[in-house]
Amino acid sequence: MNVHDENGWMVPCHDGYLEFPRQDHSGIAVTVWNHRISVQPHRHKFQEFALITKGYCIHSYRGTEVPLLPGDVFLIETDEEHSYQLHAPIELVNCQFFPDKMSEEFNCMLREAEQDGDAVCQRQEMIAGLSDEECGGLESRQSILNKQGVIHLNIEERKIIESLLDQMMEEQRNGEIGLELVKMACLQMILVKFYRIQRRQTEQSSTHRDHRKERVYEILAYMEEHLRERLDYDKLAERVYWSAGHFRSVFKEVTGLAPTEYMNRLRIIKSLEYMQREHLNVSQAAERVGFDDPGYYSRLFKKIMGYSPKYFRSSTDITSL
């Protein structure tokens, strides 16, 4: 098990900067972190690519806060402050690396990708033009995801990224000749795939005209207001005068998730909040967000979070916020 200090750090920190968690001589370190207490604000002189594999946390970065769930990935730039507020244990795979170790050609490609992504996100925010009150706070949640650069991987995308991270950790364990070349090749593949997915998702979203995005945000607000109800997505499509197929297509391109998956994630997040803030038990929290079958709720919860709801509920009393 990883050892934390009182700030949640698992490597030494000096003047707010974490040391590089060196694994070998490659300048690339891949580590599975198991956090049980919140990680206080910190920075580092290296970049950090992170994949959430289990659990739930609130991630603070670039002046915003957003909930992270398994399958979410993001990249932390050098000298940028960030932190994790834990409500229960979380597992994530981190790949830390120094950008100056990469070729200038590759760094140039990444800079262009970052600039393109920032421009797309800015266009999205300008197009939306909705206040928090108009969209029930959900527009800002989507904008925060964009601002933090968080994307959610589908099953196939996640398998590819995890496979590359596993290969890098195997190279660390074996310590054979040429490990730095293999790790660098895997890292470059991960980052290229990350930026391709990110750009594809943001570009798909930005192609929609103002009124299309407004309609989706109207639906997001409606979904949050009706968590306890069994929603008919065909009826939701009718609310915005779209066909069912067109509604599902636009919804996924704007949010990155299918309507059912988005609703399930939203319900799970809200049930966690009820367990932690109102100290509800698992059955009460499940009922509060519309799950009449505790067994189904528990199975879905574990599928999304990687842990059972009882594990989260029992951790509430011992987890420091």
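Residues numbered from 1 in each chain as written. Predicted model: local features only at pLDDT ≥ 70, side-chain atom pairs only at ≥ 80, totals over all residues. Heavy atoms only, no water.

(A) Fine view of the side chain of Q198. Among the secondary structure elements, Q198 is positioned in helix α4 (residues 179–206). Engagement of the side chain of Q198 in a polar contact is seen with the backbone oxygen of G149, the distance being 3.2 Å. Setting aside its immediate chain neighbours within four residues, Q198 contacts G149 and I151. (Helix = DSSP H or I, 4+ residues; strand = E, 2+ residues; numbered from the N terminus. Polar contact = N/O pair within 3.5 Å; in protein donor to acceptor, adjacent residues only side chain to side chain. Contact = heavy atoms within 4.5 Å.)

(B) Summary view of the state of the cysteines. The tally for this structure, following the rule as stated, stands at zero disulfides. Among the cysteines around C95, which has no disulfide bond, C186 carries the closest sulfur, lying 9.3 Å off. On the basis of relative accessibility, which here comes to 4%, the residue C186 falls in the buried class. (Disulfide = S-S within 2.5 Å. Buried < 20%, exposed > 50% of the residue type's maximum accessible area, 1.4 Å probe, protein only.)

(C) Highlighting the sheet that holds strand β11 (residues 151–152). One open sheet holds the five strands; their spatial order is β3-β10-β5-β8-β11, and the pairing between them is antiparallel. Of all the strands in the sheet, just β3 (28–35) and β11 have a single pairing partner and so form its edges. Where strand β5 (residues 47–54) lies against strand β8 (residues 72–76), four bridges are found, and the strand directions are antiparallel. Along β8, the bridge assignment pairs E48 with I76. The sheet strands contacting helix α3 (residues 155–174) are β3, β5, β10 (90–97) and β11, and the helix crosses β3 at an angle near 110°. (Pairing = 2+ DSSP bridges. Axes fitted to C-alpha atoms, helices over the stretch in contact; angles between N-to-C directions.)

(D) Focus on the pairing of β8. Burial within β8 is extensive, with five of its five residues counted as buried. The two faces of β8 match: D72, F74 and I76 on one face and V73 and L75 on the other face are all buried. Strand direction decides the pairing type here: β8 and β11, joined by two bridges, are antiparallel. Counterpart to D72 in the pairing with β11 is H152.

(E) Looking closely at the pattern of salt bridges. On inspection of all chains with the given rule, the structure shows 10 salt bridges. Salt-bridge contacts for K45 lead to D79; the nearest nitrogen and oxygen are separated by 2.9 Å. Within this pair, whereas K45 is found in the loop between β4 (39–42) and β5, its partner D79 is found in the loop between β8 and β9 (82–86), the two being separated by 34 residues in sequence. A residue is classified by how much of its surface remains accessible, and D79, at 32% relative accessible area, is partly exposed. One salt bridge connects E224 with K270, and the closest N-O pair in it is separated by 3.0 Å. Taken together, the positions of E224 in helix α5 (residues 210–225) and K270 in helix α8 (residues 259–277) put the pair 46 residues apart, joining distant regions of the chain. What emerges from the salt-bridge pattern is a single network uniting E224, K270 and E273. (Salt bridge = Lys/Arg side-chain N within 4 Å of Asp/Glu carboxyl O.)

These values are about where atoms sit, not about what they do.
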